[in-house]
There are 2 protein chains.
Amino acid sequence: MKASIIIIGDELLIGQVTDTNSGFLARSMAPYGWEVSNVRTIADDPDAIREAVRDALEESRVVLTTGGLGPTKDDITKSVLCEIFGGELREDPSVTENIKNVFRKRGIKLNELTAAQAWVPTSASVIQNPVGTAPVMWFETEGPRKSVLVAMPGVPFETEHVFTNAVLPRLLSRFPSPDVIVHRTVMVSDISESALAMRLSDWESALPPHLHLAYLPKPGLIRLRLDGHGHDEEQLKAEIDRETAKLIALLGDNFLYDGDATPAEILLRTLKAAGLTFATAESCTGGNIAHLITSVAGSSESMLGGVVSYSNDVKKKLLGVKADTLETLGAVSIPVVEQMAESACRATGADVAVATSGIAGPGGGTKQKPVGTVCIAATFRGQTVSDTFHFPGNRARVIDRASTTALLLAIRLLRNTNPSITK
Amino acid sequence: MKASIIIIGDELLIGQVTDTNSGFLARSMAPYGWEVSNVRTIADDPDAIREAVRDALEESRVVLTTGGLGPTKDDITKSVLCEIFGGELREDPSVTENIKNVFRKRGIKLNELTAAQAWVPTSASVIQNPVGTAPVMWFETEGPRKSVLVAMPGVPFETEHVFTNAVLPRLLSRFPSPDVIVHRTVMVSDISESALAMRLSDWESALPPHLHLAYLPKPGLIRLRLDGHGHDEEQLKAEIDRETAKLIALLGDNFLYDGDATPAEILLRTLKAAGLTFATAESCTGGNIAHLITSVAGSSESMLGGVVSYSNDVKKKLLGVKADTLETLGAVSIPVVEQMAESACRATGADVAVATSGIAGPGGGTKQKPVGTVCIAATFRGQTVSDTFHFPGNRARVIDRASTTALLLAIRLLRNTNPSITK
């Protein structure tokens, strides 16, 4: 079953906003056998909307649109859809009621612009949006091959809420599907994409045609995704289980995790399985490692806290890094990050800690320590490992790579120190 | 001048990876008068690539593609483009040399899969990629209306490097443009989108047809972008300056910043202008505020550091929050965040600090303090302001909103305390 997505908004085409809705919608539909064949990102422009809707309805039974439903003048999706599907714009009292409720909760007064959002095409059936003022509109085409177009608001929080709670259930009952797609992801580290592809070549070539392997490199990591298409979900899953076991055996020490998880999630699961607590001491990563960890729901079970020691003074005051180490070796040095990591454990009472100190750039580089030089340490009950890395790229990329590398260092340290800790 | 973008990769259509390349390309081209009329996100599928390339070449003089150029079996873009533009795949020795260089820098050995990336269509002119192994391929169509298609690698770091340094300069000399587009953004806070639209309605309606206003709501903020199209850049800029001045006057206290900047950037500029230093004390935001600040290049001038006090124990140990305050009022309370903020200043020596403590969810909510309840404080040399907020949405959204709100609270505190600080 094919679906097409249309993302509407001038702000996306000048790159001021990054679209996350298409990814969310695709991820949500994939488990039910829906394949997104196309995402079109277009302007708030009547011609562009007309053309994209026409093409999408030709290629897919389901077309999902987001955006262009706001109360302001640049939001024209509704009137263009009304023109395409017929009927006229008319006030829907149930939408007016919903808008009033949303505004009551937010403690603000309804005004006439927002009230106009209750005007919907008579050709649409309305799905209420309990978390925003733009209603969801469900259109069906005439003729033998009935297709559905669902227009949703573009604010990601609203899109996610209305799709999960109302649109997806209705799509599933409208198009019951015999087809099934199964995805399985395995995480790999410390190997290049091409070296990995060569190692997996024989196994990959022997895969049956309904199984497909995709390489998804991320900074410091590769995700391998095995996709299977078929009719019998149980059989397909069993087949993918068997192939995944072969794959993991081929990966050897480069195998990181069976599943699609971030390094922070993998570390947290490792910590929880062993009943351990965690802390951070960050200089160049500036709080990003703590942020990645605490972004995971339930992280408070293992995460105690940390210190962002951006200035040398804070490294001394809050982490007790020795002044003479800082003076003789500089802040970006192995002894400094080792002291930081060990001190983070002492200061917070955590079992495990990581520390970073480096030059994220664009300034601050020297001949000896160019931009991208980062010292990283991980410590677990007195055993400390550390290394100096040279990451390519701009500031954001150096911070990203250093954070991932620190998390991977902690995962490997825990696994090597305590082999009973489950992968 | 119209451009189309095609983003190629199965991983994008199942939502495993979020496309950031299209936004980057659009942002880079906009100042030179290029309008991106369409972004197509398609699978690693020959038919989809053929169709997208055909449609894009029909509508635009310049088509940019990213992705599908890797060394693995799922990367088929190159062979499909060879089929469309003619010629055959042949090894380009200069690309082989470049790949060897890239591998030498990374300290890994060349293997045959990577070596195959040096095979390029004879119909393409090659642009070397100094930061990766997939070369950039520049194709030109035959016939009277010559169009250009540039195929670039999909790893964002590589895309950004090759586009900025090689592709964009070549496009600008290939298509010298008489047209110019000017964008200007103004940041607004503490007002709803519809209330703002009503306030601006008369001014917006009086704008000449070549000027256009767009509303870009972000959590806790609205960006207003004024776009102008014309031939005379100086005249257009002067016109947009005049309209922006009127707009800022209409915004009154809701005016936050003249320019497109994140709250962290605005705070850092305010701090630098006044020669002040900054620190954080984060519970529920878990390091995100420190991360947002330290993501900005040059932040080390103002940012001293901070504490992520996720557990109550760390709040007491590292920030000296009083045990009886925690016991009687709970960690999510105004006195706790005020103590945290003031203590962050004392511990680091900073002039200004913010602190957060709240329930990011999904667990941990109570009837009195449901998920989304966040106490936030900002302090500047002994003057502390604080408030309790209720943010809607999931964990990521609560962390995001709380971080933005804390930064805005610090910006407003500095402006109100010291009116000499420039906006």
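That block above? That's the structure.
Here the structure is a predicted model, which is why all the values come from computation and not from measurement. (Residues numbered from 1 in each chain as written. Chains lettered and ligands numbered in written order. Predicted model: local features only at pLDDT ≥ 70, side-chain atom pairs only at ≥ 80, totals over all residues. Heavy atoms only, no water.)

**Student:** Mind showing me how you'd approach the sheet that holds strand β8 (residues 148–152) of chain B here?
**Tutor:** Pairing in this open sheet of twelve strands is mixed, and the strands run β6(A)-β7(A)-β8(A)-β3(A)-β1(A)-β2(A)-β2(B)-β1(B)-β3(B)-β8(B)-β7(B)-β6(B) from one edge to the other. What marks the edges here is a single partner per strand, and that holds for β6 (125–127) of chain A together with β6 (125–127) of chain B. For this sheet, the mean inter-axis angle between neighbouring strands, taken without regard to orientation, is 20°. Note: strand β3 (residues 62–66) of chain A against strand β8 (residues 148–152) of chain A, five bridges, orientation parallel. Note that in β8(A) the partner of A:Thr66 across the bridge is A:Met152. Sitting on the sheet, helix α2 (residues 21–29) of chain A touches β1 (2–8), β2 (35–42), β3 and β8 of chain A, and the angle it makes with β1(A) is about 160°. (Pairing = 2+ DSSP bridges. Helix = DSSP H or I, 4+ residues; strand = E, 2+ residues; numbered from the N terminus. Axes fitted to C-alpha atoms, helices over the stretch in contact; angles between N-to-C directions. Contact = heavy atoms within 4.5 Å.)

**Student:** Would you mind going over the pattern of salt bridges with me for this structure?
**Tutor:** If the charged atoms of two oppositely charged side chains come close together, the side chains can form a pair. Inspection of every chain in the model, using the stated rule, returns 32 salt bridges over all chains. Between B:Arg54 and B:Asp55 there is a salt bridge, with its nearest N and O atoms 3.2 Å apart. Notably, a salt bridge pairs B:Glu243 with B:Lys246, separated by 3.2 Å at the nearest N-O pair. Taken as a pair, B:Glu243 and B:Lys246 lie in helix α9 (residues 233–251) at a separation of three residues, close to a single helical turn. Residue B:Lys246 is classed as partly exposed on the basis of its relative accessible area, which comes to 43%. Salt bridges sharing partners connect three or more residues here, namely A:Asp47, A:Arg50 and A:Glu83. (Salt bridge = Lys/Arg side-chain N within 4 Å of Asp/Glu carboxyl O. Buried < 20%, exposed > 50% of the residue type's maximum accessible area, 1.4 Å probe, protein only.)

**Student:** Just to check I follow, could you spell out the interface of chain B and chain A for this structure?
**Tutor:** By a widespread convention, an interface's size corresponds to the accessible area lost as its parts come together. Each partner contributes to the interface: chain B provides 89 residues, whereas chain A provides 89 residues. The junction of chain B with chain A conceals about 6,600 Å² of combined surface from both sides, 58% of it contributed by carbon and sulfur atoms. Per-residue buried area on chain B facing chain A is highest for B:Ile14, B:Gln16 and B:Tyr310; these three make up 9% of the total on that side. Applying the counting criterion to the chain B and chain A interface returns zero salt bridges. In this assembly, chain B and chain A are joined by 31 residue pairs in polar contact (both at pLDDT 80 or more). Sorting elements by how many residues they give to the side of chain B that touches chain A places helix α8 (residues 193–205) of chain B first, with eight residues. In terms of residue class, the side of chain B that touches chain A is made up of 33 nonpolar, 36 polar and 20 charged. (Buried area = accessible area lost by both parts, 1.4 Å probe. Polar contact = N/O pair within 3.5 Å; in protein donor to acceptor, adjacent residues only side chain to side chain. Nonpolar A, V, L, I, M, F, W, Y, C, P; charged D, E, K, R; others polar.)

**Student:** What should I look at first to understand the relation of the copies chain B and chain A in this one?
**Tutor:** Two copies of a chain can be linked by a rotation about an axis combined with a shift along that same axis. Screw-axis analysis of chain B against chain A gives a translation of 0.0 Å along the axis, an RMSD of 0.0 Å, and a rotation angle of 180°. Taken together, the rotation and translation relating the two chain copies correspond to the operation of a two-fold axis. Take the interface residues of chain B: 100% of them recur as interface residues in chain A, which is what a same-surface contact looks like. (Least-squares fit on C-alpha atoms with pLDDT ≥ 70 in both.)

**Student:** Please explain the nonpolar core as it appears in this structure.
**Tutor:** A general feature of soluble globular proteins is that nonpolar side chains tend to end up buried together. By size, the foremost hydrophobic cluster in this structure holds 48 residues, and its most contacted members are A:Met340 and B:Met340. If we ignore the near neighbours within four places in the chain, the residues touching B:Met340 are B:Ala281, B:Glu282, B:Ser283, B:Ser309, B:Lys315, B:Leu319, B:Val321, B:Ala355, B:Thr356 and B:Ser357. Core analysis: the next-biggest nonpolar cluster, separate from the first, contains 40 residues, A:Leu221, A:Ala264, A:Leu268 and A:Phe389 among them. (Core = buried A, V, L, I, M, F, W, Y, C linked by side-chain atoms within 4.5 Å.)

**Student:** Sorry, what's going on with helix α8 (residues 193–205) of chain A here?
**Tutor:** Each turn of an α-helix holds 3.6 residues, which means side chains three or four residues apart point in the same direction. At A:Arg199, α8(A) shows its maximal kink, close to 45°. A:Glu193, A:Ser194, A:Leu196, A:Ala197, A:Leu200, A:Trp203 and A:Glu204 are the residues of α8(A) that are buried. On its buried face, α8(A) sits against β9 (180–189), β10 (211–218), β11 (221–230) and α9 (233–251) of chain A together with α5 (93–106) and α6 (112–115) of chain B. (Bend = angle between axes of the 7 residues up to and from the residue.)

**Student:** Got a minute to help me understand the sheet that holds strand β14 (residues 303–309) of chain A in this structure?
**Tutor:** Sheets are built from strands paired through backbone hydrogen bonds, the pairs being either parallel or antiparallel. Strand order in the open sheet formed by ten strands is β17(A)-β16(A)-β15(A)-β13(A)-β14(A)-β14(B)-β13(B)-β15(B)-β16(B)-β17(B), with mixed pairing between adjacent strands. Where the open sheet ends on each side, the last strands, each with one partner, are β17 (383–390) of chain A together with β17 (383–390) of chain B. Across the sheet, the mean angle from the axis of one strand to that of its neighbour is 10°, orientation sign disregarded. As paired strands, strand β16 (residues 373–380) of chain A and β17(A) are joined by eight bridges and run antiparallel to one another. Across the sheet, A:Phe380 pairs through a bridge with A:Gln383, a residue of β17(A). Running over the sheet, helix α15 (residues 395–417) of chain A touches β15 (352–358), β16 and β17 of chain A and is turned about 30° from β16(A). Each of β15 (352–358), β16 (373–380) and β17 of chain B touches helix α15 (residues 395–417) of chain B; the most contacted strand, β16(B), lies at about 30° to it.

**Student:** Whenever I open this one, the packing of aromatic side chains confuses me. Can you help?
**Tutor:** Aromatic ring pairs: the centre-centre distance and the angle between the two ring planes describe each pair. Scanning the entire structure with this criterion turns up eight aromatic pairs over all chains. A ring pair is formed by A:Phe389 and A:Phe391, whose centres lie 5.6 Å apart and whose planes are at 5°; its orientation type is stacked. With a centroid separation of 6.1 Å and 85° between ring planes, the pair formed by B:Phe24 and B:Phe163 is classed as edge-to-face. Of this pair, B:Phe24 sits in helix α2 (residues 21–29) while B:Phe163 sits in helix α7 (residues 156–174); the two residues are 139 residues apart in sequence, bridging distant segments of the chain. Among the residues examined, B:Phe24 registers a relative accessible area of 12% and is labelled buried. Positioned above the aromatic ring of B:Trp138, the side-chain terminus of B:Arg170 is 4.3 Å from the ring centre. Residue placement shows B:Arg174 over the ring face of B:Phe175; its charged tip is 4.7 Å from the ring centre. (Phe/Tyr/Trp six-rings, centres within 6.5 Å; stacked < 30°, edge-to-face > 60°. Lys NZ or Arg CZ within 6 Å of the ring centre and 35° of its normal.)

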